[in-house]
Amino acid sequence: MSLLICLSNRLQILLLQHPCALTAMILRFFYVVDVLSYSIVTPQKFLGKRQQLLGQNFAALGRIIIGEYSLAAKFIAEPQQREPYIGRFRCIPNRFSKHFLLFLSDKEVKGDNAHSKARSAILNVVFKPAFDNTESPEAKDLLDQLATIAHTHGNPPDLDEISDDIQRTVIQYIMLVLLEAKPSPHQISSLKTLFFSSKPRESLLISKVKPLAPSAKRLKEVERLEEIALNLIENSPVVSRYKPTNEHDLSRTELSTLLLQAIAIAGCLGSESLLRSLLTKVPHDLEIDVDNRLEVLRVVLETARRHSPVNNINIITQTETEVTINDRKRKFPKGTLFSANIGLANLDDTVFKNPLDFNPHRDNLLAALSFNSVGEAKRRECPGRSIAEKMGSDLLVALRCKTVKSH
Ligand code: HEM
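Here the residue numbers are simple positions, counted from 1 along each chain's written sequence. For a predicted model such as this one, the threshold for reporting local features is a pLDDT of at least 70, and the threshold for listing and counting side-chain atom pairs is 80 or more; totals across whole chains, interfaces and linings nevertheless cover every residue.

K.L.:
Kindly report on the overall build of the chain, identifying the contributing residues and their values.
P.N.:
For the chain, the helix and strand inventory stands at 14 helices and nine strands. Relative to a compact globule of 407 residues, whose C-alpha radius of gyration would be 22 Å, the chain shows 21 Å and is just as compact. By principal-axis analysis of the C-alpha atoms, the chain measures approximately 60 × 50 × 40 Å. Put simply, the chain has 407 residues, and 43% of those count as buried. For the chain, long-range pairs separated by at least 24 residues make up 68% of all intrachain contacts whose partners lie at least 6 apart in sequence. Strands here are runs of E lasting at least two residues and helices are runs of H or I lasting at least four, both read from the DSSP assignment and numbered beginning at the N terminus. Atoms considered for the radius of gyration are the C-alpha atoms alone. The globule rule reads 2.2 Å times the number of residues to the power 0.38. Around each residue's C-beta, the other C-beta atoms within 10 Å are counted; 20 or more make the residue buried, 12 or fewer make it exposed, and counts in between make it partly exposed. All C-beta atoms are placed from the backbone. Each residue is represented by a C-beta atom placed from its backbone, and any two residues with such atoms within 7 Å are regarded as in contact.

Structure (structure tokens):
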């Protein structure tokens, strides 16, 4: 196995160094093999095995994966050229909203103002007002109920048994806080299938990525579920109040489609992963002063650093780039597909001392790249960051209160 991984790395390096139609075709073959293995063995195992054999940077998934903190942080901070990639996946662009943020390049590099316009629309209409909603009793109740369920399933809880509850909580919380919407049980079940199913014919994400996406004729079920979700979003209190202006000229339907894809892919999948880690990976002997919000937030941030919910940020390089792979320097031409890998960079021991230790008191915790920003460079920082941090903090507090009461 190790030999095959090293061989695949060497071949993909060679192909990426010599871009042409033929090498692009062969790289697609490597993408298919790697993406299937990445999904079957889990991202942590796929990336960890390569890191162990080849170091922080390597070739996989038909691209160069950068796990070296300094280079990943540089890519995240700079203006970015994007193409239709999400995380590990190559996407079918016409199955996405044309305003889908992750595919839009920055103005400085091959883009126009489409990214900043769409980002500004969702920030102003949805995200800015949302933080106050995290304080509502309904939002707190949702997390409190999840903490109660988790508490009755062991310490740490058995994730297989509470997976359904985590997914329902994430959906209800995000719909409530971002859109002030309260989906019916039937709508929640439909959204759960659409966002979290691993079946290509019913998953919003997998129905739009290669190589698993069904043909256009076989999209009926996913289209039916998307209609239910769109209807909920378009008629939510927040979107109903939206009126297009000169500055934000997306129609209400365009905004709703963009929001559906952003909430499903960026919002719910990332948040589910964060909550799962908070429920099971925070050492239970770690003392937390639940009245100290900063201390609680540090635990959430350390959890996100140690078990990054989002990994690959895909960008096209603007200059020839030199990368050290397996102790050798390799040059890649301008235009190569790179993934700044947050999960690996957050565990780079040149930046985070004893990276595998869970230590919320580390002094450079804010240097972690978990929400796609570094220092003051926040052009593509996750707009859901403050909501996700609040959701995680409130769940942690609810959980700790249950544990204290039962002792
Ligand atoms: C309330 C839940 C969340 C919502 C609504 C949300 C929404 C979004 C949106 C709309 C984007 C695209 C921004 C852009 O391209 O300008 C984004 C990007 C991102 N989000 Fe979140 N997010 C949420 C939770 C999370 C969590 C829990 C994490 C991980 C700790 C996370 C990490 C990221 C990262 C790394 C990106 C950059 C992706 C890329 O550029 O390829 N998000 N998020």
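K.L.:
Outline the sheet that holds strand β3 (residues 85–86), listing residues and values.
P.N.:
Strands pair, by our definition, only if DSSP identifies at least two bridges between them. In spatial order, the strands read β3-β4-β5; together these three strands make up an open sheet with antiparallel pairing. The strands lining the two open edges of the sheet, one partner per strand, are β3 and β5 (209–210). In the sheet, β3 pairs with strand β4 (residues 89–91) via two bridges, with the strands oriented antiparallel. Paired with Y85 across the strands is R90, a residue of β4.

K.L.:
Please set out unusual backbone geometry residue by residue, giving values where relevant.
P.N.:
Residue P156 is bonded to the preceding N155 through a cis peptide linkage, with omega at 0°. Considering the arrangement of structural elements, one finds P156 in the loop between α6 (137–151) and α7 (159–179). Each neighbour pair has its own omega, and for K210 with P211 the value is 5°, a cis peptide bond. Assignment of secondary structure puts P211 in the loop between β5 and α9 (220–234). Located in the positive-phi region is T42, a residue other than glycine, with phi close to 85°. Along the chain, T42 falls in the loop between α2 (21–41) and α3 (43–54). Within the chain, N326 stands out as a residue other than glycine whose phi angle is a positive 50°. Relative to the assigned elements, N326 resides in the loop between β7 (321–325) and β8 (328–332). When the 14 C-beta atoms within 10 Å are taken as the criterion, N326 is described as partly exposed.

K.L.:
Can you break down the site of the ligand residue by residue, with the values?
P.N.:
Residue proximity rests on one test: whether the C-beta atom, placed from the backbone, lies within 6 Å of the molecule or strand. The environment of the ligand is formed by 25 residues, the closest being A266, G267, G270, C382 and G384. Among the elements of the structure, α11 (252–280) and α14 (385–406) are those that each provide at least two residues to the shell around the ligand. Ranked by residues supplied to the shell around the ligand, first place goes to α11 with seven residues. Note that Gly is not counted as nonpolar here; it falls among the polar residues with everything else outside the nonpolar set of Ala, Val, Leu, Ile, Met, Phe, Trp, Tyr, Cys and Pro and the charged set of Asp, Glu, Lys and Arg. Taken together, the residues of the shell around the ligand break down into 17 nonpolar, six polar and two charged.

K.L.:
Mind laying out the nonpolar core, listing which residues take part and the relevant values?
P.N.:
Ranked by internal contacts, the top residues of the largest apolar core, which has 113 residues, are A72, A340 and L395. Per-element accounting of this core gives the leading share, 15 residues, to α11. With sequence-adjacent residues up to four places away left out, A340 is seen in contact with I66, A72, F75, I76, I313, I315 and A345. Put simply, a nonpolar core is buried Ala, Val, Leu, Ile, Met, Phe, Trp, Tyr and Cys residues tied into one set by C-beta atoms within 7 Å.

K.L.:
Tell me what's going on with the sheet that holds strand β2 (residues 63–66), and back it up with residues and numbers.
P.N.:
Read across the sheet, four strands follow the order β1-β2-β9-β6 without closing on themselves; strand pairing throughout is mixed. Unpaired on one side and paired on the other, β1 (57–60) and β6 (312–316) mark the two borders of the sheet. The sheet shows a mean angle of 30° between the axes of neighbouring strands, direction not considered. In the sheet, β1 pairs with β2 via four bridges, with the strands oriented antiparallel. Paired with N57 across the bridge in β2 is I66. Across the sheet, helix α1 (residues 2–17) lies against β1 and β2, angled at about 85° from β1, the strand it touches most. As a rule, the C-alpha atoms of each element are fitted with a line to give its axis, helices using only the stretch in contact, and angles between N-to-C directions run from 0 to 180 degrees. Strands in contact with helix α4 (residues 69–77) are β2, β6 and β9 (337–341); relative to β9, the strand with the most contacts, it is inclined by about 110°.

K.L.:
Describe the packing of α6 against α7, and please don't skip the residues or the numbers.
P.N.:
Look at α6 against α7: their axes get within 10 Å of each other, and the N-to-C directions meet at 175°. Considering their axes alone, α6 and α7 lie roughly antiparallel with respect to each other. Of the residues in α7, those touching α6 at E138, A139, L142, L143, L146, I149 and A150 are I162, D165, I166, T169, Q172, Y173, L176 and V177. Grouping the constituent residues of the contact of α6 with α7 by class yields 11 nonpolar, two polar and two charged. For classification purposes, angles smaller than 35 degrees are called roughly parallel, those larger than 145 roughly antiparallel, those between 65 and 115 roughly perpendicular, and all remaining angles oblique.

K.L.:
With reference to specific residues and values, describe the pairing of β9.
P.N.:
Both faces of the sheet carry side chains from a regular strand, because those side chains alternate between them. Burial analysis of β9 places five of its five residues in the buried class, the great majority of the element. Alternating positions in β9 separate into two faces, L337, S339 and N341 on one and F338 and A340 on the other, with burial throughout. Bridge count between β6 and β9: five bridges; the pairing is antiparallel. Of the residues in β9, the one forming a bridge with I316 is L337.

K.L.:
Explain helix α8 (residues 185–196) to me, and be specific about the residues and the numbers.
P.N.:
Here, expected helix span is obtained from the residue count minus one, scaled by 1.5 Å. Here α8 spans 16 Å end to end across 12 residues, near enough to the 16 Å set by a 1.5 Å rise per residue. Turning to α8, its buried residues number three or more, namely S190, L191, L194, F195 and F196. The elements touched by buried residues of α8 are α7, α9 and α11.

K.L.:
So what's going on with the packing of helix α5 (residues 114–133) against α11? Residues and values would help.
P.N.:
Helices that pack against each other are described as a pair by the angle of their axes relative to one another and the distance between those axes. Where α5 meets α11, the axes come as close as 11 Å, and the angle between the chain directions of the two elements is 85°. On the basis of the axis angle, α5 is roughly perpendicular to α11. Taking contact as the criterion, the partners of A118, A121, I122, V125 and V126 in α5 are, on α11, L255, L258, L259 and A262. A per-class count over the contact of α5 with α11 returns nine nonpolar, no polar and no charged.

K.L.:
Describe the pairing of β7, naming the residues involved and giving the relevant values.
P.N.:
Pairing of β7 with β8 involves five bridges; the strand directions are antiparallel. Following the sheet pairing, T324 is matched in β8 by K329. Hairpin connection between β7 and β8: a loop of two residues separates the two successive antiparallel strands, and N326 in this loop has a positive phi of roughly 50°.

These figures capture arrangement, not role.
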